[in-house]
Amino acid sequence: MPSYTAPTKDAQFVLHDVLKITESGIPGYDELEADFTSAILEEAGKISSEVLAPLNAVGDTEGCTLENGVVRTPTGFKAAFDQVKEGGWPGLDMPEEFGGQNMPYVIGTAVGEMFSASNQAFTMYQGLTHGAASAILAHGTDAQKAKWLPNMVSCEWTGTMNLTEPHCGTDLGLMRTKAEPQGDGSFKISGQKIFISAGEHDMAGNIVHLVLAKITGAPEGIKGVSLFIVPKFMVDDDGNMGERNSVSCGKIEEKMGIHGNSTCVMNYDEATGYLLGEEHKGMRAMFTMMNEARLGVGMQGLAQAEVAYQNALEYAKDRLQGRDVTGVKNPDGPADPLIVHPDIRRSLMDQKSFAEGARAFILWGATMIDRAHRGKDQDADGLISLLTPVIKGFLTDQGYDMTVKAQQVYGGHGYIEEWGMSQFTRDARIAQIYEGANGVQALDLVGRKLAQDGGKHVMAFFDLVKTTIGELKGQNEAFDQDFIEPLKAASKDLQAAGMYFMQNGMKDPNNALSGSNDFMHMFGHVCLGLMWAKMAHAAQSALDGGTSDKDFFETKIATGRYYMARQLPATALHLTRIETGAETVMALDAANF
């Protein structure tokens, strides 16, 4: 059975040596001393490895079952959920007035990676609840917050998001779910929603569904969509649960992965609901939840890559296979371990350099969210808005690829369920699809985010890269050659792609959109290159300062050099593809495919 060890030391390095969070000036960050964050991460790592990880294969094997309208979760899930609740983990970064601990989002993100890596399907129950609570926090009335949030923050009640219908996914303007006003402030919600994660289960006393629907007489299309709070059980003004609402689970979807999470078809038969936010402004309210979820999904790509890598590394060290072509390394055994072979090393270095770079990227993004929300920084809000599709799309595409590479290290055993590696690949696959498929993320990046606020935020990103290069260069000649020059080249490729879109996208939008996936990946590589330059600089500074932990920092620099030399040059390939335009992409008539 696979195992998991939380990368606590690496997270601490990113938080304190690279991001220097206590010096950042973000409200609340001055309290995040290294001893304090270490204690939190160590405890999160313990529950991840000892409680959640052993249930990962159980959830995958057993799945969820629907019995008389009730979904039964896998063996051990409810006890583990109770343990997570008792530890206060669901409300780690939620407001104290509703029972949370009011810690910064960056700490919740670091903990979230550990929980997701150890058991993604399980962690989704509290993750969806956090997103639903955030939407109510941002758009609910004071009465709604008081009524719903205390039990959601504690996960005594869980939450969901209901968007997709059988006939429409991305194009939500086509939805048919209706909301009939009742004259008393409530609505009757009727319709069917599909792919609803944690839609029904046996681990919480109530489930608070956030449901998109159209009020009778609303404008056509997306402008007529509103968002409603629709509880599984009715709740009175004193917070007491009453009768069952007219919402039910019709079936559990049979999925490729995340079997331990109950992905449901939900039927609403004149269920009572309450408007959240303004009429016909449902997408604005839902996007509070979706943007948070997209960052969380990007984190899932990293998390599955990390746990798959850990197990592939152990297998590569233990499995004897062939001899090192440069000389025997295990003379007392019949063969050398797999890790001596260059191609295995290449695969493991791909995985290691991605996971560590992605961790820095995710945590950097989390600091921008804290800066925007806690510090009311509009520039930070604009930058994280620009980077959200990159975090979601690039990290999940790459994260999935890394689980495949980890599986490949095992050879035939990677294909056998007994060894557990296929679960990481199957679980990672959904992250490329839900919360907006990655093709949509790329279109959002190129079609909307680049031009947002007159291109202010993408120009700010380029300025940030340029400023960082100026601050970091000159540490030593090797550092400049290995890190600064590759980052400069990659940034120039990204700028050239942006210029191509500006010059050719107006006369034919397909010239931009046909290159959107390449641009998203190019952008992601530049972001990881930026992170690796910052990490290598911090590591070299530690070495220059006479650190006692030379192995860690020398390994960090060597891993970064690999990424800059072997992965970052992909930007040149992506630029070449982009500059071919739309002609070859759009050449065939539909009938000729």
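Residues numbered from 1 in each chain as written. Predicted model: local features only at pLDDT ≥ 70, side-chain atom pairs only at ≥ 80, totals over all residues. Heavy atoms only, no water.

Draft legend 1. Region of interest: the overall build of the protein. The secondary structure content of the protein amounts to 17 helices and eleven strands. For 593 residues, the compact-globule estimate of 2.2 N^0.38 gives 25 Å, and the protein sits close to it at 24 Å. When its C-alpha atoms are laid out on the principal axes, the protein stretches across 80 × 60 × 60 Å. Within the protein, buried positions represent 57% of all 593 residues. Pairs at least 24 residues apart make up 74% of the contacts formed inside the protein by residues separated by at least 6 positions. Per element, the accessible surface of the protein, about 24,500 Å² overall, is 50% carbon and sulfur. Positive and negative charge centroids in the protein, built from 50 and 76 side chains respectively, lie 4 Å apart. (Helix = DSSP H or I, 4+ residues; strand = E, 2+ residues; numbered from the N terminus. Rg over C-alpha atoms; globule rule 2.2 N^0.38 Å. Buried < 20%, exposed > 50% of the residue type's maximum accessible area, 1.4 Å probe, protein only. Contact = heavy atoms within 4.5 Å. Areas by Shrake-Rupley, 256 points an atom, 1.4 Å probe, with all protein chains shown as cover. Lys, Arg positive; Asp, Glu negative; His and termini not counted. Charge placed at Lys NZ, Arg CZ, Asp CG, Glu CD.)

Draft legend 2. Broad picture of a negative patch on the surface. Side chains of Asp30, Glu31, Glu33 and Asp35 sit close together on the surface and give a patch of like negative charge. Relative to the elements of secondary structure, Glu31 occurs in the loop between helix H1 (8-18) and helix H2 (34-62). A relative accessible area of 58% means that Glu31 is categorised as exposed. (Patch = residues over 30% accessible without salt bridge, like charges linked within 9 Å, V, L, I, M, F, W, Y side chains within 5 Å. Salt bridge = Lys/Arg side-chain N within 4 Å of Asp/Glu carboxyl O.)

Draft legend 3. The arrangement of the packing of helix H4 (residues 105-118) against helix H5 (residues 120-139) in detail. Taken N-terminus to C-terminus, the directions of H4 and H5 make an angle of 135°; their axes are 6 Å apart at the nearest point. On the basis of their axis angle, the class for H4 and H5 is oblique. Of H5, the residues touching H4 (which contributes Phe115, Ser116 and Ser118) are Gln120, Thr123 and Gln126. Each residue belonging to the contact of H4 with H5 can be placed in one class, and the counts come to one nonpolar, five polar and no charged. (Axes fitted to C-alpha atoms, helices over the stretch in contact; angles between N-to-C directions. Parallel < 35°, antiparallel > 145°, perpendicular 65-115°, else oblique. Nonpolar A, V, L, I, M, F, W, Y, C, P; charged D, E, K, R; others polar.)

Draft legend 4. Molecular detail of the nonpolar core. Grouped together as the largest cluster of nonpolar side chains are 144 residues, with contacts concentrated most on Phe361, Trp364, Phe461, Phe519 and Phe523. For this core, the element with the most residues is helix H15 (residues 516-544), which contributes 16 residues. Leave out the neighbours within four places in its chain, and Phe361 touches Leu387, Val390, Ile391, Leu395, Cys527, Leu528 and Met531. (Core = buried A, V, L, I, M, F, W, Y, C linked by side-chain atoms within 4.5 Å.)

Draft legend 5. Expanded view of the environment of Ile21. On the secondary structure map, Ile21 appears in the loop between H1 and H2. Since its relative accessible area comes to 1%, Ile21 is described here as buried. As for Ile21 and Thr367, which are separated by 346 residues in sequence, their C-alpha atoms are 8.2 Å apart. Ignoring sequence-local partners within four residues, the contact set of Ile21 consists of Leu15, His16, Tyr29, Leu32 and Thr367.

Draft legend 6. Summary view of unusual backbone geometry. A positive phi is found at His280, a non-glycine position, where the angle reads about 65°. Among the secondary structure elements, His280 is positioned in the loop between strand S11 (263-275) and helix H7 (282-318). In this model, Glu435 sits at a positive phi of 60°, which is unusual for a non-glycine residue.

Draft legend 7. A look at the side chain of Thr559. Positionally, Thr559 belongs in helix H16 (residues 550-566). Classification of Thr559 by relative accessible area gives buried; the value is 2%. In contact with Thr559, other than residues within four places in its own chain, are Met349, Lys352, Ser353, Glu356 and Trp532.

Draft legend 8. Expanded view of the packing of helix H9 (residues 378-409) against helix H10 (residues 421-429). Here H9 crosses H10 at 165°, and the two axes come no closer than 9 Å. In terms of axis orientation, H9 runs roughly antiparallel to H10. H10 is crossed by H9, and the crossing has left-handed handedness. Note on element contacts: H10 touches H9 through Met421, Ser422, Phe424, Thr425, Ala428 and Arg429, opposite Tyr400, Thr403, Val404, Ala406 and Gln407. In terms of residue class, the contact of H9 with H10 is made up of six nonpolar, four polar and one charged. (Left-handed = near helix turned anticlockwise from the far one by under 90°.)

Draft legend 9. Examining the pairing of strand S4 (residues 178-181) more closely. Relative to strand S5 (residues 186-197), S4 is paired through four bridges, and the arrangement is antiparallel. The residue of S5 that forms the bridge with Ala179 is Ile189. Taken together, S4 and the strand that follows it, S5, pair antiparallel across an intervening segment of four residues, in which Gly183 is found at a positive phi of about 85°. Pairing between S4 and strand S6 (residues 206-215): two bridges, direction parallel. Across the sheet, the residue bridging to Lys178 is Lys214, located in S6. (Pairing = 2+ DSSP bridges.)

Draft legend 10. The environment of Ala57, seen in detail. Along the polypeptide, Ala57 turns up in helix H2. On the accessibility criterion, Ala57 (25% relative accessible area) is partly exposed. When the C-alpha positions of Ala57 and Ala316 are compared, they lie 21 Å apart, and in sequence the two are 259 residues distant. With sequence-adjacent residues up to four places away left out, Ala57 is seen in contact with Met1 and Gln423.

The quantities given are spatial measurements derived from coordinates; they are silent on function.
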